[in-house]
Amino acid sequence: MSSTGNGGGERRAGTAGSAAARARLRRATRPAAPQPEAGRRRGTVAAPAARPVQPAPTLALPEPGPRSGLRSRPGRPFPGGPGDAPNGPGAPPEGSLLDMLKVAIAILDTAGRVVLWSPAAEELLGWPNELLVGRRIEELIPDQEQVVRIRAAIQDTLRHGRWAGYAELRDRDGVPVAVDARISLLVDGDGTPFLQVNLAEAAAVQAVERDLAVRDALFEQSPLGIAILDTDLRYTAVNQTLAEMNGVALEDHVGRTTGETLPERAADEITSIQRQVLATGEPVIDVTLASPVTTRAGYRSISYSRMTDRSGRVLGISGTVMDVTERYRAVAKVEHARRRLSLLNEFGSRVGDLLDASRIAQELASSVVPRLTDHSAVILLQAVAHGDDLPRHGHDRRTSLLQLGTASVQDGPEVEVMLRRGARITFAEDSACGRVLRTGVPELLSGADQLDDVTYPGDPKMQAARDLGVHSLLVVPLRARGIVIGLLLVSRAGYREGFDRDDLAFTVELADRAGSSLDNARLYARERTAALTLQRTLLPQQVPQPTGVEVAYRYVPGSSGTEVGGDWFDVIPLPGDRTALVVGDVMGHGLRAAATMGRLRTAVRVLAALDLPPDVLLRHVHELADDLAQGPDEALLATCVYAVFDPATARLTVAKAGHIPPVLVVPGREAGEPTRTGGPLPGGSGRILDLPSGAPLGVGGVPFESVELKIPEGSLLALCTDGLVESRDKDLDVGLGRLVTVLQEPHASIQAACEAVLDTMEQGREPDDVALLLARLGHGQAGTPTAGWTLPAEPTAVSRARRLVRSTLAEWGVEALTDTAELLVSELVTNAVRYASAPIGVRLTLGETMLVEISDPLPDPPRERHAAEADEGGRGLELVRRLALRWGARAEGIGKVVWFEQALPGNEPDES
């Protein structure tokens, strides 16, 4: 029996009423076991077992309600579930589309009677086979209109061989069921026609058609590239979008792997992702890769997931590919901007506290390599580097430029030639550097021709740049206050992409920030130079070496990160070969602190000339605090230590005003005879002098007190400011202890001891000024003639003092001084006898001058009077003033000392 097409409804001659066909129709009215599959032929209908032909009874429809049969049994479990038996050999996979979409088959004769009724039909409509075979199909149609349509469909099939359409049948419960029907004409070997009816529930068919339509729309019309791959990772289907992305035709994808379709480098990475998804079942979503097609540079987002059927069997993987070039570039642009903003912030933080132009230039050069460029150079005007004033005229080829900052991604002789730090830069006026210096307009140079125009023809630095493969360069001005103060040169080499306008704009922004920092450093350097010059001018230009004292000193200005401070020191010779040693520190920095330091030092020197005790001197300086302050609204705040050493008595008197204490090192017994000036320091036992702290000058509230010490021969006294011993993370005692340790060691000289002390300063100390004063204290020069007496406060003391002076000067061989010395001693002893009530001291010392000292217990200093012509007295001190080289008075103990000096013969001062 064969199927006929439309118009094939005519029956074969001589075969329409064969007995065999009628017998098969009769047998079809009773159930029979189906013949083996192998016994059937395509296009034939197996004849059912024969049974007596009976009139077709009217089909009795049961009342609606619970029904028996297949429709009333529990539904089958989900395909592939635990209730299914394993598939046998050659069996279709469970859970396939045919299991989901039930297709019922019925065989009708030409009169519309049911010959065969399949189990699927029983499940669809609930009618068992034994109730329908031999009955007209019309009895399942709920209304007459549908009956007419079915009859017309049968006739149409008999004429044309097939019919398709929708129909509405009634199930066993009387419920109408919409079905999608397909009727085909079948003819057996005897020529007997039959009608094969394929029925499927219309809703299920429409759902499948809708799903297929959605699939077609997504697959064919999607802007995404879609691919389906089998378990061997070979393409089974791709859409046109993916084919165009890959640049390979649709038919050239099917049956091939990704490695056979795409370039090898790109395919390896994609294949690895596909294998991972197939093996693990974990989807990969939105992985961005570079486009594998070199003709369409860009980026793609790929996603893959594993496909399984309803029974869980792995079918392959599906993938989507989306062109994300624009998105990637937009994100990259945002990230690029973020990195550049980060670079600006990082550069600002790195140079924010720098006030050295060279360091700022180096930080600028280093910050852009390698993130922005491969090579960089910062070129500054010499005025900026040295803290001078900016030039008022335009720049030309005579402008002095220094290359102070360099950085590179590589090393080598070419880099050394192109980026030699500290090199002096010259250029032609019509070169790129010359134009940018004159106009302040940045330039972007590309190619060998433009790179030759950077400085001047034949410049070895540009030849080195060509050897390094430099192909793109930016020349950007460094500006401050509208003036170009230097240039920033950045260049890219090798395969790196050349600079664009965005790079130029960013570099200009970075250069503007750097220009402001460089100008601040220039201004600071100028002010610091001025303050340092002022401070050095105000410090002692020549330090004397008094009798019995060897002095060494060091002054170290603060680092470039801090302004000049107010640290100072002084060595002041006093009468009687005594020496005042002073170290002080004015709080604050800059020009004002330096000026205040100068005023304070001057006040101390003036008061020292009055030969005041240390505590009295500090009190007087404190009383002058308002006049010495930096301004009317700013109070003076300074610390100071003042020490007076008398080599004749080996006594040291010290007082301090809030200053760190001095250090005294006493030589040990093993040191032997103390060395003289210029000799080595033997070392010894050191200690920190315990002195009353006193309040800083300008604070008040704490009295100043002096401490007097007996000093062994050759002892070393150290006075310093807090910048030497203070640090951020350690106590002051640690720094003082380190100072004591260093000074206890032997040193080749007192100058070497100064250097050793400075070498031990910690790197983490406060970056403040340092003033250090070392003094080796002796007992005067060997062989210096000295004589002294104590006289009672009686009138006879005057004549006795004259005799003692006369005989002593004759013994020393300086009789030329006798007359003047006797007269002046007589006047001073007479004053002492008149006003004092205790013994009077007389002492003579013959050194570079002859010193005469008269002491008494009366604390009030003598006052010089201007006697009238008729006055008998009041001319003693006037005689002393006129005849002595120098004279003065000082407090000593509870009393005072009045002294005068006489020049030795041949050493008289030139009065011309």
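Each chain carries its own residue numbering, running from 1 in the written order of its sequence. In keeping with the model being predicted, local features are shown solely for residues with a pLDDT of at least 70 and side-chain atom pairs are shown and tallied solely at 80 or more, while totals for entire chains, interfaces and linings include all residues. Side-chain measures were taken over the full set of non-hydrogen atoms in the model, leaving aside hydrogen atoms and water.

So, about the sheet that holds strand E10 (residues 299–308). Think of it this way: DSSP has to see at least two bridges between two strands before they count as a pair. The way it works is that DSSP assigns letters per residue, a run of H or I at least four long becomes a helix, a run of E at least two long becomes a strand, and they are numbered from the N terminus. The strand order E8-E7-E11-E10-E9 describes an open sheet built from 5 strands, whose pairing is antiparallel. A single partner strand is all that each edge strand has here, and the edge strands are strand E8 (235–238) and strand E9 (284–290). With direction set aside, neighbouring strand axes in the sheet form an average angle of 25°. One ladder, built from 5 bridges, connects E9 with E10; its direction is antiparallel. Within the sheet, the bridge partner assigned to Leu 289 lies in E10 and is Arg 300. Throughout, a residue-residue contact means that at least one pair of heavy atoms, one from each residue, lies within 4.5 Å. Working convention: axes come from line fits to C-alpha atoms, limited for helices to the stretch in contact. Angles between N-to-C directions cover 0 to 180 degrees. Seen against the sheet, helix H10 (residues 264–280) touches strand E7 (225–229), E9, E10 and strand E11 (314–323) and runs at an angle of roughly 25° to E10.

With that out of the way, let us pick up the pattern of salt bridges. Salt bridges are defined as contacts in which a side-chain nitrogen from Lys or Arg sits within 4 Å of a carboxyl oxygen from Asp or Glu. The final tally for this structure, using the stated rule, is 34 salt bridges. Among the salt bridges present, the one from Asp 109 reaches Arg 113, with a minimum N-O distance of 3.2 Å. Relative accessibility thresholds used throughout: buried, under 20% of the residue-type maximum; exposed, over 50%; partly exposed, between the two (1.4 Å probe, protein chains only). Exposure remark for Asp 109: the relative accessible area of 7% places this residue in the buried category. You can call Arg 113 partly exposed: its relative accessible area is 31%. Of the charged contacts, one joins Asp 570 and Arg 601 as a salt bridge, the two residues approaching to 3.0 Å between their closest N and O atoms. Pair noted here: Asp 570 is in strand E19 (residues 565–574) and Arg 601 is in helix H19 (residues 591–609), with a separation of 31 residues, a long-range link. Taken individually, Asp 570 and Arg 601 each receive the classification buried, so the pair is uniform in this respect. Taken together, the shared-partner salt bridges in this structure form one network comprising Glu 346, Arg 350, Glu 363 and Arg 371.

Here we come to the packing of helix H24 (residues 796–812) against helix H25 (residues 818–835). Between two packed helices, what matters for the description is the angle formed by their axes and the separation of those axes. For the pair H24 and H25, the least separation of the axes is 9 Å and the interaxial angle reads 150°. As summarised for this structure, H24 and H25 are arranged roughly antiparallel, according to the angle between their axes. Crossing geometry of H24 relative to H25 is assigned as right-handed. Here Ala 797, Val 798, Ala 801, Arg 802, Val 805, Arg 806 and Leu 809 of H24 come into contact with H25, specifically with Thr 818, Ala 821, Glu 822, Val 825, Ser 826, Val 829, Thr 830 and Val 833. Put simply, angles under 35 degrees are roughly parallel, angles over 145 are roughly antiparallel, angles from 65 to 115 are roughly perpendicular, and the rest are oblique. Crossings are classed by handedness, with left-handed meaning an anticlockwise turn of the near helix from the far one by less than a right angle and right-handed meaning a clockwise turn.

Our focus in this paragraph is the nonpolar core. Think of a nonpolar core as a cluster: buried Ala, Val, Leu, Ile, Met, Phe, Trp, Tyr and Cys residues, connected wherever their side-chain atoms sit within 4.5 Å. In terms of nonpolar packing, the biggest core is built from 63 residues, with Leu 380 and Leu 478 touching the most fellow members. For this core, the leading source of residues is helix H18 (residues 501–538), giving 8 residues. One finds Trp 568, Leu 628, Leu 689 and Ile 711 within the second-largest nonpolar core, a separate group that totals 55 residues.

Here we take up the environment of Val 702. Looking at the secondary structure, you find Val 702 in the loop between strand E24 (685–688) and strand E25 (707–710). Taking the C-alpha atoms as reference, Val 702 lies 9.7 Å from Pro 692; in sequence the two are 10 residues apart. Look past the residues within four positions of Val 702 in its chain and what remains in contact with it is Gly 694 and Ala 695.

Most of strand E30 (residues 849–856) is tucked away, with 6 of its 8 residues classed as buried. Between strand E29 (residues 840–846) and E30, which follow one another and run antiparallel, lie 2 residues. Where E30 and strand E32 (residues 895–903) come together, 8 bridges link them in antiparallel fashion. Paired with Leu 851 across the strands is Glu 901, a residue of E32.

Along helix H17 (residues 460–467), the residues that are buried comprise Lys 461, Met 462, Ala 464 and Ala 465. Take H17 and look down its axis: the buried residues cluster within an arc of 155°, on one side only. The secondary structure elements touched by the buried residues of H17 are helix H14 (413–418), strand E14 (424–425), helix H16 (447–451) and strand E16 (470–480). Positive phi shows up at Gly 469, right after H17, with a value of about 85°. Our arc is simply the arc of the directions from the helix axis toward the C-beta atoms.

Before going further, it helps to spend a moment on unusual backbone geometry. A cis amide bond links Val 369 to the next residue, Pro 370, at an omega of 5°. Within the secondary structure, Pro 370 sits in the loop between helix H12 (357–367) and strand E12 (375–381). Here Leu 233, not a glycine, exhibits a phi torsion of approximately 60°, which is positive. Along the polypeptide, Leu 233 turns up in the loop between E7 and E8. On the basis of relative accessible area, Leu 233 is assigned to the buried category, the value being 9%.

The next point concerns the environment of Ala 377. With respect to the helices and strands, the residue Ala 377 is situated in strand E12. A relative accessible area of 4% means that Ala 377 is categorised as buried. C-alpha of Ala 377 to C-alpha of Leu 487: the two residues are 110 residues apart in sequence and 8.2 Å apart in space. The contacts of Ala 377, once residues within four sequence positions are left out, are Gln 403, Gly 405, Leu 419, Leu 487, Leu 488 and Leu 489.

As a per-residue measure, pLDDT reflects the predictor's confidence and takes values from 0 up to 100. For the protein, the mean per-residue pLDDT works out to 80, and 83% of the residues sit at or above 70. Across the protein, element-level confidence peaks in strand E23 (residues 663–666) with a mean pLDDT of 94 and bottoms out in strand E1 (residues 2–4) with 35. Contacts from residues 1–89, a stretch scored under 50 in pLDDT, to residues over four places away or in other chains number 150 contacts.

Below, the discussion takes up the sheet that holds strand E28 (residues 786–791). The sheet built from 5 strands is open, its strands ordered E28-E29-E30-E32-E31 with antiparallel pairing. The sheet is open, and its two borders are formed by E28 and strand E31 (886–892), each paired with just one other strand. Adjacent strand axes in the sheet meet at a mean angle of 15° when their direction is disregarded. Taken together, the 6 bridges between E29 and E30 define a ladder with antiparallel strand orientation. Across the sheet, the residue bridging to Thr 845 is Leu 851, located in E30. The strands touched by H24 within the sheet are E28, E29 and E30, with E28 carrying the most contacts at an inclination of about 165°.

Moving on, we get to a nonpolar patch on the surface. A surface patch of nonpolar side chains, amounting to about 240 Å² of accessible area, comprises Met 587, Leu 637 and Val 699. The topology assignment puts Val 699 in the loop between E24 and E25. By definition, no residue in a patch forms a salt bridge, and every one has over 30% relative accessible area; like charges are joined within 9 Å, nonpolar side chains (Val, Leu, Ile, Met, Phe, Trp, Tyr) within 5 Å. Accessible surface area values rest on a Shrake-Rupley calculation with a 1.4 Å probe, where residue burial reflects the displayed protein chains alone.

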